[in-house]
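Coordinates in review
As a plain string of letters, each chain reads:
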Amino acid sequence: MTQSDYSNTDKIMMGERSPLEKTFDQGFRWLTLGFAISIGLILISIAVIIAVGAFPAIKQFNFSFFTNSNWNPVTDEYGVIAVIYGTIVSSLISLIIAIPLGVGAAVFLSEDFIPEQIRTVLVFLVELLAAIPSVVYGLWGIFVLIPITTVFGTWLNQNFGWFPLFSSPPAGPGMLPAGIVLSIMILPIIIAISRDSLASLPPDLRQASLGLGATRWETIFRVLIPAAISGIMGGVMLALGRAMGETMAATMIIGNSNRLSISILDPANTIASLIANQFAEASGLQISALMYAGLVLMLLTLIVNILAEYIVNQVKAKYE
């Protein structure tokens, strides 16, 4: 080898890169930066377009839009307090059911409780839940879930009717069956992201905890889950976004009633279902009111994400 060959080899071993490679790196950096900025621009453009479309309704109703439960296209009287309540409560019902089931299933699938072959099959079945169309969940809810929740709801009303959430007899479609269906639909999201968060933790955490005398369950609940809480909360927030924005299944099961009722056994409505049901035939001020409702849904999602980020930071600070 010549002296120049040795010099080139030394440069490669020392990590020096050619001008072409540096150019490609710089180009890739600017390309990814452009992608990141484009995501923000898309979000801003969506918000601006919806806000512009909602401006006539904002000007007409102002904040009374949030205090009125009437939705009457004939008299051009619109309010979203009932559908806001339906959106929030149905989503909360789904989270109350799905979070313990999802995190528990994620722990079961990420730890060595069962052989690898069986675990692979279970993971496939969980992923299969995400592939089922919303309309199929809606049909299952109509023919299977609603008869079951009607019987269960009757029992709740007879024994706990003094409690406002169970103060009315079930009418078939309602908030409770919608919340249960939504919980099943968001389970794959919580399980998949929580499982990945737990599986990506360093093995040293488990070994150190067990080495200090902790039991397996103490290691899971006091070490692994707190260490993966940011990923788990991220999955929960994605699931909540899916629950708040779900249209077809909720429309088929929730009853599509714009009457404000605290009871979860009564028919209700969500913002997404309201928009899906009426936008195709809407005209005039009704279109603007539906855009206003869509803007409210975006704001609700933003508020939920801010609260979730705050909760995650508080939990992380506690364990750090």
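Residues numbered from 1 in each chain as written. Predicted model: local features only at pLDDT ≥ 70, side-chain atom pairs only at ≥ 80, totals over all residues. Heavy atoms only, no water.

Further remarks concern empty space enclosed by the protein. The full count for this structure, using the stated rule, is two cavities of 30 Å³ or more. Counted as a void, the largest cavity has a volume near 50 Å³. Along its surface, the largest cavity is lined by I146, T149, T150, P170, G172, L176, P177, I264 and L265. Taken together, the elements giving at least two residues each to the lining of the largest cavity come down to α5 (134-160) and α6 (175-199). Take the lining of the largest cavity: its biggest share by element is three residues, from α5. Across the lining of the largest cavity, the residue classes tally to six nonpolar, three polar and no charged. If you add up the space inside the second largest cavity, you get close to 40 Å³. The wall of the second largest cavity is formed by A82, Y85, G86, M175, R259, L260, S261, P267 and A268. (1 Å grid on protein atoms, 1.4 Å probe; cavity = no way out; pocket = protein on both sides within 12 Å on 5 of 7 lines; lining within 4 Å. Points joined across faces, edges and corners; volume = space filled by probe spheres on them. Helix = DSSP H or I, 4+ residues; strand = E, 2+ residues; numbered from the N terminus. Nonpolar A, V, L, I, M, F, W, Y, C, P; charged D, E, K, R; others polar.)

Scanning the model with the defined rule gives two salt bridges in all. Residue R242 is joined to E246 by a salt bridge in which the shortest nitrogen-to-oxygen separation is 3.3 Å. Given a relative accessible area of 31%, R242 falls into the partly exposed group. Between R259 and D266 there is a salt bridge, with its nearest N and O atoms 3.8 Å apart. On the accessibility criterion, R259 (52% relative accessible area) is exposed. (Salt bridge = Lys/Arg side-chain N within 4 Å of Asp/Glu carboxyl O. Buried < 20%, exposed > 50% of the residue type's maximum accessible area, 1.4 Å probe, protein only.)

Each assigned domain of the protein is listed here: domain 1 (14-59) and domain 2 (63-319). The straight-line distance from the C-alpha centre of domain 1 to that of domain 2 is 30 Å. Contacts between domain 1 and domain 2 engage twelve residues on the former and eight residues on the latter. Interface of domain 1 and domain 2: buried area, both sides summed, is about 740 Å²; carbon and sulfur atoms make up 83% of it. When the area that domain 1 buries against domain 2 is broken down by residue, the three leading residues are I50, A57 and I58, summing to 53%. Run the count over domain 1 and domain 2 and you get zero salt bridges. Where domain 1 touches domain 2, the interface holds three residue pairs in polar contact (both at pLDDT 80 or more). (Domains from an automatic or database assignment. Contact = heavy atoms within 4.5 Å. Buried area = accessible area lost by both parts, 1.4 Å probe. Polar contact = N/O pair within 3.5 Å; in protein donor to acceptor, adjacent residues only side chain to side chain.)

For the pair helix α3 (residues 81-110) and α6, the least separation of the axes is 6 Å and the interaxial angle reads 40°. Relative to α6, the element α3 lies oblique. Crossing geometry of α3 relative to α6 is assigned as right-handed. When grouped by side-chain class, the residues that make up the contact of α3 with α6 number 22 nonpolar, eight polar and one charged. (Axes fitted to C-alpha atoms, helices over the stretch in contact; angles between N-to-C directions. Parallel < 35°, antiparallel > 145°, perpendicular 65-115°, else oblique. Left-handed = near helix turned anticlockwise from the far one by under 90°.)

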